[in-house]
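This is what each chain is made of:
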Amino acid sequence: MSREICILQQDTPEQGGLQVNVTSTIGIQPIMGAAVKIFSGQTQVEDLTTDSSGQTPAIQLPAPPFAYSQEPNQPQPFAEYTIQVEAPGYRPVEVSNVAIFPEEMALQPVEMEPLETSSGDGEENIVVPPNALWGDFPPKIAEDEIKPMDESGEIVLSRVVIPEYVIVHDGPPSDRGAKDYYVRYRDYIKNVASGEIYSTWPDAALRANILAIMSFTLNRVYTEWYRNKSYDFTITSSTAYDQTWSFGRTIYRNISQIVDEMFNNYLSRPNVRQPILTQYCDGKNVSCPNWLSQWGSKYLGDQGYTAIQILRYYYGSNLYINSAEEISGVPASWPGTNLSIGSTGSKVRQMQEQLAVISRSYPAIPRIAADGIYGPKTKEAVEAFQRIFSLPVTGVVDFATWYKISQIYVGVTRIAELV
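Residues numbered from 1 in each chain as written. Predicted model: local features only at pLDDT ≥ 70, side-chain atom pairs only at ≥ 80, totals over all residues. Heavy atoms only, no water.

J.: How should I be thinking about the overall build of the chain in this particular structure?
T.: The helix and strand inventory of the chain stands at nine helices and 18 strands. Taking 22 Å as the expected radius of gyration for a compact globule of 419 residues, we find that the chain reaches 22 Å, a close match to that expectation. A principal-axis box enclosing the C-alpha atoms of the chain has dimensions of 60 × 55 × 45 Å. The proportion of buried residues among the 419 residues of the chain is 55%. For the chain, restricting intrachain contacts to residue pairs at least 6 apart in sequence, the fraction spanning at least 24 positions comes to 69%. Carbon and sulfur atoms provide 48% of the accessible area of the chain, an area that totals close to 17900 Å². Of the charged side chains in the chain, 31 are positive and 47 negative, and the gap between their average positions amounts to 5 Å. (Helix = DSSP H or I, 4+ residues; strand = E, 2+ residues; numbered from the N terminus. Rg over C-alpha atoms; globule rule 2.2 N^0.38 Å. Buried < 20%, exposed > 50% of the residue type's maximum accessible area, 1.4 Å probe, protein only. Contact = heavy atoms within 4.5 Å. Areas by Shrake-Rupley, 256 points an atom, 1.4 Å probe, with all protein chains shown as cover. Lys, Arg positive; Asp, Glu negative; His and termini not counted. Charge placed at Lys NZ, Arg CZ, Asp CG, Glu CD.)

J.: How should I be thinking about a negative patch on the surface in this particular structure?
T.: Together, D170, D175, D180 and D232 line one region of the surface with negative charge. One can find D180 in strand β11 (residues 180-184). Using a relative accessible area of 33% as the deciding quantity, one classes D180 as partly exposed. (Patch = residues over 30% accessible without salt bridge, like charges linked within 9 Å, V, L, I, M, F, W, Y side chains within 5 Å. Salt bridge = Lys/Arg side-chain N within 4 Å of Asp/Glu carboxyl O.)

J.: Help me understand the sheet that holds strand β10 (residues 165-169), please; the structure alone is not making it clear to me.
T.: Strand order in the open sheet formed by three strands is β11-β10-β12, and the pairing between neighbours is mixed. Among the strands making up the open sheet, the edge pair consists of β11 and β12 (235-236). Sheet topology places β10 next to β12; two bridges connect them, and they run parallel. Across the sheet, residue V168 finds its bridge partner in β12, namely I235. Packed on one face of the sheet, helix α2 (residues 185-196) meets β10, β11 and β12 and runs near 105 degrees to β11. (Pairing = 2+ DSSP bridges. Axes fitted to C-alpha atoms, helices over the stretch in contact; angles between N-to-C directions.)

J.: So what exactly am I meant to see when it comes to the sheet that holds strand β8 (residues 124-127) here?
T.: Pairing between the strands of a sheet comes from backbone hydrogen bonds, and it takes one of two forms, parallel or antiparallel. Judged by pairing direction, the sheet is mixed, and its five strands sit side by side in the order β3-β2-β5-β6-β8 without closing on themselves. Every interior strand has two partners, whereas the edge strands, β3 (43-49) and β8, have only one. Ignoring strand direction, the axes of neighbouring strands in this sheet form an average angle of 25 degrees. Bridge analysis of strand β6 (residues 93-100) against β8 gives four bridges, and the strand direction is parallel. Across the sheet, S96 pairs through a bridge with V127, a residue of β8.

J.: Help me out: how do you make sense of the side chain of S238 in this one?
T.: Here S238 shows up in the loop between β12 and β13 (251-252). Excluding residues that lie within four positions of it along the chain, S238 makes contacts with G171, P172 and Q243.

J.: Whenever I open this one, the layout of surface pockets confuses me. Can you help?
T.: The method is simple in principle: a probe with the dimensions of a water molecule rolls over the atoms, and the space it marks as empty is what remains. Put simply, the largest pocket is a space of about 1300 Å³. T23, P109, E111, R184 and D187 are the residues nearest the centre of the largest pocket, which is lined by 43 residues in total. Broken down by secondary-structure element, the contributors of at least two residues to the lining of the largest pocket are β1 (14-24), β7 (105-112), β8, β11, α2 and α9 (399-418). (1 Å grid on protein atoms, 1.4 Å probe; cavity = no way out; pocket = protein on both sides within 12 Å on 5 of 7 lines; lining within 4 Å. Points joined across faces, edges and corners; volume = space filled by probe spheres on them.)

J.: What am I meant to see in the pattern of salt bridges here?
T.: Pairs may arise between side chains of opposite charge once their charged atoms sit close together. By the definition in use, this model includes 15 salt bridges. Its salt-bridge partner being K140, residue E143 comes within 2.9 Å of it at the nearest N-O pair. In this pair, the class of E143 matches that of K140, namely buried. We note a salt bridge from E326 to R159, for which the minimum N-O separation is 2.6 Å. You can see E326 sitting in strand β18 (residues 326-327) and its partner R159 sitting in the loop between β8 and β9 (161-162), a full 167 residues away along the chain. Residue classification places E326 among the partly exposed positions, given a relative accessible area of 33%. Relative accessible area serves as the criterion here: at 45%, R159 is assigned to the partly exposed category. Beyond isolated ion pairs, a larger network of salt bridges with shared partners links K140, E143, K147, R220 and D242.

Structure representation (structure tokens):
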């Protein structure tokens, strides 16, 4: 064992998890047999291979003490690793600055370009910026939390709709050379949350911050804020204007599960139709009266405040959690009740049909018949799906599982249509 790794293990006895998920850029297609190497500095610490679901085994890596992420002005609360991925027929990818927190599972997405469609030569290098609580990012420029609803044309939508995609402009609005990315809405929220707050914080604090992030985003969607300024994107990655977002950022499993559970929520005020533009700041380097303080929300979570109590502490007592009735890009809406052993009917059949299609791309999911009866084989297939896509493995199709199945089904069927 190298001296570098010995020192790392002695100084940082705690550990965090990492699993790498490798897919093709052409849809949600897993890449089996990809060679994945993990480095700490210049030293290789793991040599892994992806399975039929495009995933490596979940591994444990040294990470700094948990206490570092519980207070500001502490040493760096995460360890940084580099991931190199190679697969026959694909452009190699390197992701650096992958942040590992103690006691949390990091999920690193890696999308690989097929060589025949690759837009670049050599290895693709992705550098993940630091978490906004640790890095140096410009503070938010204050805006009104409710946009005017007059005849100026600023409001386009008549109701709140959860979009399938948002277009993220990777820079400030005025940077015409910045790249635009089409990002699935849920993936966008997971990316922002994983880069704005620490996954080691109390669950209620995570939920409060994620609700603020979602409401902010849906305000941009609902008001067509940038399109009404003649821009061709939904939101930017600039913290001065919007929220931090980074291509290839590491996602944390607990954050991913929270987003999947409540991605159709946003924050409202009485008699206000639009989602509230819930602005926030770190509360350490920047103070922001009447906005959510990220560090302050963490302390309230420590004291036992619920997510809505945290949000009302900052935004006022007349704030409440609302739900969008329409979700774009899904074949069928959630039935409203969980599906489990003994359930029957058309919704069970729809779910079974979608899982059967997904299993063609993800063979670890057992093939099932679409008979409309939720039996043991269907439960086994649901559990396999939940395991692959980082959901709680319950064998029950709840809200989060239903819409995750829909998302993956749409992804794999769209690719089938192109082949």
